[in-house]
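So you can see what is in the structure, the chains are spelled out below.
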Amino acid sequence: MTAFQRIAVLGSTGSIGDSTLDVIARHPDRLGVYALSAHSRMEKLAEQALASAARVVVVPDADAAARFRQAWAQLRTQGTTPPEIRIGAQALADTAADPDCDTVMAAIVGAAGLPSALAAARSGKRVLLANKEALVAAGSLFMAAVRDHGAELLPIDSEHNAIFQCLPHGERASAPTRPAAGVRRLILTASGGPFRQHDPDALHAITPAQACKHPNWSMGRKISVDSATMANKGLEVIEAHWLFAMPADRIEVLIHPQSVVHSMVEYEDGSVLAQLGQPDMRTPIAYGLGFPDRLASGVGLLDLARCGRLDFEKPDLRRFPCLGLAFDALAAGQGACIALNAANEIAVDAFLRETVPYTCIPAVIAQTLEWHAGRPSVTLDSLDDVLAEDAAARARAEQVLAHSRVAATQSRGR
């Protein structure tokens, strides 16, 4: 009989967290919630903690803790023992490493999720990785931690989960040091987002509302913008390089607007294996939670006859320059990948706050990568090294944004 899993869902109030809790609730005989974490949505965190009987919640500061207590009291929870409240970034890492927890869903968006994901790996947990930055910013460090501490790494991004499912069973190591035997290349699919057929010369006028309106997936605002720019796919290329020990020249991206084929593995004999399914994150989440078993996810059946057709096309890098920049960063090394990710986060945040136009996102990334290329190389052997490089890249990206705003203001004043 499969052992009962006690799960920490880090970033529980986001879309991945919601889907994870939905799958867990379907299997009370083998899955249970140990801990939840959230950054700002304390009312939703309290509702989740009550519904899942979480023993621990982790919040960023004392003010958030007070708001959680207030939200808990308003749920009329008399007689229900409140969860232990842990506060701060160190508490988040400590919870990921807690011996009372077996499995960690690493779903915190951005570099903020890196320390806790690394702590989980160093504690030998089953790590369900939905945080891109753990590999984009610290791929070598993170994969070494998985290998050295006997952790079990299962990718949750739909594309990497699909590749994992399509690899030879005996080759699906948690932290491979070479490509799987017989594999020629990996093919990552991308929906193309809302601007797949948009005139590249008209992208300057795109609004946050338009960029966040994904045609197939329901996601948070930041990742929706990343999908629109295909920065998300570029980050996934970097992730695939680390997850599967695959050189960049053996990773291809194809646009597949139906989002039915989630990725493919091509073999030396010409065979191509694909994983298909509804565009619903509960499928890869259930796969990760149940592995090596298959669990019911709540996702409906795939009706291929109703789909009618499956289309594929190469991405236009003029329309999606962020994808090309990601390949450039991967070729340049880990420091450039850190700069790419940091600049993207800064630029997307500014775009969502409507302080810069959509086309500023690739421009900020490109200029930050140029700055990085001119810097002396640095060693990135520790988490502190990675975070210091990340902070430097963010500072540079902020400078680029400031100059962009000044230039835009001067242009309007002429």
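Residues numbered from 1 in each chain as written. Predicted model: local features only at pLDDT ≥ 70, side-chain atom pairs only at ≥ 80, totals over all residues. Heavy atoms only, no water.

Let me state the cut-off plainly: UniProt positions are given in the numbering used here, feature names are shortened, and annotations may be inferred rather than shown by experiment.
Under an unreviewed UniProt entry, the name given to the protein is 1-deoxy-D-xylulose 5-phosphate reductoisomerase, and the source organism is Bordetella genomosp. 8. UniProt annotates the protein under Pathway (unreviewed entry) with the comment "Isoprenoid biosynthesis; isopentenyl diphosphate biosynthesis via DXP pathway; isopentenyl diphosphate from 1-deoxy-D-xylulose 5-phosphate: step 1/6." Database annotation for the protein, UniProt heading Catalytic activity (unreviewed entry): "2-C-methyl-D-erythritol 4-phosphate + NADP(+) = 1-deoxy-D-xylulose 5-phosphate + NADPH + H(+)".

1. Things to note about the UniProt feature "binding site: 1-deoxy-D-xylulose 5-phosphate" (unreviewed entry) in the protein
For the record, the criterion: Comment: elements are numbered from the N terminus, with helices defined as DSSP H or I runs of at least four residues and strands as E runs of at least two. Note on contacts: a residue pair is in contact if any heavy atoms of the two residues lie within 4.5 Å. Counted as a polar contact is a pair of N or O atoms within 3.5 Å, where, for protein atoms, one must be capable of donating a hydrogen and the other of accepting one, and residues adjacent in sequence contribute only when both atoms are in side chains.
The UniProt feature table records "binding site: 1-deoxy-D-xylulose 5-phosphate" (unreviewed entry) at Lys-132, Ser-158, Glu-159, Ser-191, His-214, Ser-227, Asn-232, Lys-233 and Glu-236. Summarising the element assignment, Lys-132 is placed in the loop between β6 (126-129) and α6 (133-136). Residues within four places of Lys-132 in sequence aside, it is in contact with Asp-157, Asn-232, Leu-235, Glu-236 and Glu-239. Within the local environment of Lys-132, its side chain forms a polar contact with the side chain of Asp-157, the two groups lying 2.4 Å apart. With respect to the helices and strands, Lys-233 occurs in helix α11 (residues 231-243). If sequence neighbours within four positions are ignored, Lys-233 has contacts with Glu-159, Leu-188, Thr-189, Ala-190, Val-253 and Leu-323. Among the polar contacts made by the side chain of Lys-233, one reaches the main-chain carbonyl oxygen of Thr-189 at a distance of 2.8 Å.

2. Considering the sheet that holds strand β8 (residues 183-190)
Put simply, the rule is: At least two DSSP bridges between two strands are needed for those strands to be called paired. Think of each axis as a best-fit line through the C-alpha atoms, taken over the contacting stretch in the case of a helix, with angles from 0 to 180 degrees between the N-to-C directions.
Reading across from one edge, β9-β8-β10-β11 is the order of the 4 strands in this open sheet, with mixed pairing throughout. The sheet is open, and its two borders are formed by β9 (251-255) and β11 (272-276), each paired with just one other strand. Between one strand axis and the next, the sheet turns by 20° as a mean value, whatever way the strands run. Note: strand β10 (residues 261-267) against β11, 5 bridges, orientation antiparallel. Bridge assignment links Ser-263 to a residue of β11, and that residue is Gln-275.

3. Quick look at the sheet that holds strand β4 (residues 84-87)
Spatial ordering of the open sheet is given by β4-β3-β2-β1-β5-β6-β7, a layout of 7 strands whose pairing is parallel. Edge positions in the sheet fall to β4 and β7 (152-155), since each has one partner strand and no second. Strand-to-strand twist in this sheet, taken as the mean axis angle between neighbours without regard to direction, amounts to 25°. Sheet topology note: the strand β1 (residues 5-10)/strand β5 (residues 103-106) ladder contains 4 bridges and is parallel. Residue pairing for β5: Ile-7 is matched across the bridge by Thr-103. Packed onto the sheet, helix α2 (residues 42-52) meets β2 (31-37) and β3 (56-59) and runs at close to 160° relative to β2.

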